[in-house]
Amino acid sequence: PTGEKTGPTAWCAPVYPTLFVVLLWLGEGDRGFVTGAVGILQVCVLIGTGVLVLGVVRQTTRQMSAWLAAAIFLGGLAYHFSHWFPFAYDCWLMLLTFDLLIAGFCWLGPLVSWQSAAGWGVFGGFCAMVNPSIALAWGVLTLAQGYRSGTWSRMAVALLVAGLTLTPWTVRNYLVFGRWIPVKSNLAYELYQTQCLQNDGLYQATTARLHPTVRSSGERQEFKTLGEAAYLDRKRQQFWESVRADPVDFLDRVASRFLGATVWYVPFNRADEARQPWVLWARRFAHPLPFLALVFLLFTGFREPLSWPQWTVIGVYVLYLLPYIAASYYERYAVPLVAVKVLLVTWAVDRLLSFGQRG
């Protein structure tokens with residue numbers, strides 16, 4: 001994570017760096033090849049996501065046209081344009097994993113047979129090694145699917161295979177660090193930085209400049225001196241000392257993350273607020289629409305029950321965001337939810353049109 005050799009690491013989930021290793025091997029060490037390949041993969045995932053959105057919309061709506069759904073999707077891409085096209089984060093890989101998760105629950109029937117349950121378990125382990133928050137959504141929704149269909153034994157097989165798929169990486173972490181690290185180790189730092197390095201709970205650009213990846217930061221020097229394990233032990237200790245000293249402050253920070261993730265947009269770079277106020281307020285108008293759509297769908301669900309695909313998407317939205325609200329959040333963390341947010345808004349508009357016609 002620091003851009004140089006500082007000892008063994010489990011800072012990141014393993015799938016994304018492994019992908020880079022494979023691409024470097026295929027390109028015989030040519031970084032330009034890796035850059036081009038990642039760019040192509042990212043664009044292909046965005047195209048596939050658009051196809052997925054249109055497919056789910058056609059299956060679940062009566063009033064909403066595919067053209068309007070496509071327009072909402074393009075609006076979602078434009079909203080997060082700076083996160084998709086100038087840079088290549090792991091957002092596209094997480095988006096691909098969400099696409100597969102939604103498609104699996106909506107169309108594939110992950111627990112209809114023992115073979116499908118085992119395959120779904122392998123995918124669950126893959127989700128964990130892409131991002132633990134996605135694995136949380138996979139696990140809870142798989143439990144719900146097992147309860148809904150009464151396929152308890154096949155659900156158990158899926159959970160067992162997911163655990164077995166993750167086991168080699170977890171065992172590696174235990175052998176290297178001598179401690180239980182299921183996926184990645186950086187949670188202690190995420191908690192520490194949003195509790196101890198800033199005035200409120202939302203991660204921001206000024207905090208990012210203190211990250212161990214920044215060569216001039218004191219945190220980087222401490223990381224290099226202590227090594228990853230001892231460094232994270234120290235960050236965990238500092239976090240808990242801060243929480244014990246003022247528990248209400250921690251709850252205030254969690255509340256600010258909840259609001260920032262759902263209804264009140266706060267830019268990562270606070271200076272943007274002064275330079276482009278019209279952009280800020282446009283984002284503040286668009287940002288709460290998916291959450292308000294979710295609330296509307298739940299409220300009207302008493303009048304017209306929601307379908308399983310709709311419950312799946314709602315579950316993905318809530319379960320993915322919960323860990324970030326608890327630990328650390330800024331706008332980039334929500335970028336992989338673009339398809340989920342588009343579907344929520346589309347369904348809400350469809351219901352409004354449907355209720356209007358009935359009225």
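Since the model is a prediction, treat every value here as computed from it, not as a measurement. (Residues numbered from 1 in each chain as written. Predicted model: local features only at pLDDT ≥ 70, side-chain atom pairs only at ≥ 80, totals over all residues. Heavy atoms only, no water.)

Tell me about unusual backbone geometry, and please be specific about residues and values.
Positive phi values are uncommon outside glycine, yet Glu28 reaches one of about 55°. Mapping Glu28 onto the fold places it in the loop between helix H1 (15-26) and helix H2 (31-60). By relative accessible area, which is 76% here, Glu28 ends up exposed. (Helix = DSSP H or I, 4+ residues; strand = E, 2+ residues; numbered from the N terminus. Buried < 20%, exposed > 50% of the residue type's maximum accessible area, 1.4 Å probe, protein only.)

Tell me about the pattern of salt bridges, and name the residues and values.
Counted by the stated rule, this structure contains seven salt bridges. With its nearest N and O atoms 2.6 Å apart, the salt bridge here joins Arg179 to Asp233. Of the two residues, Arg179 is situated in the loop between helix H8 (152-177) and helix H9 (187-196) and Asp233 in helix H12 (residues 228-245); the sequence distance between them amounts to 54 residues. The partner of Asp233 in a salt bridge is Arg236, and the shortest N-O contact between them spans 3.0 Å. With Asp233 and Arg236 both in helix H12 and three residues apart, this pair spans about one turn of that helix. Owing to a relative accessible area of 31%, Asp233 belongs among the partly exposed residues under this scheme. The structure contains a network of salt bridges with shared partners spanning Arg179, Asp233 and Arg236. (Salt bridge = Lys/Arg side-chain N within 4 Å of Asp/Glu carboxyl O.)

How would you explain H1 if you had to name every residue and give the values?
Under the 1.5 Å per step criterion, the end-to-end length of H1 is 16 Å for twelve residues, consistent within 8% with the ideal 16 Å. Within H1 the residues assigned to the buried category are Val15, Tyr16 and Leu23. Within H1, the buried residues cover an arc of 95° as seen down the axis, which keeps them to one side. Turned more than 90 degrees off the buried face of H1, the exposed positions are Val21 and Trp25. Buried-residue contacts for H1 involve H2, helix H5 (91-108) and helix H6 (114-130). Taken from the residues just after H1, Glu28 is the one with a positive phi, measuring 55°. (Expected span 1.5 Å × (residues − 1). Arc of directions from axis to C-beta. Contact = heavy atoms within 4.5 Å.)

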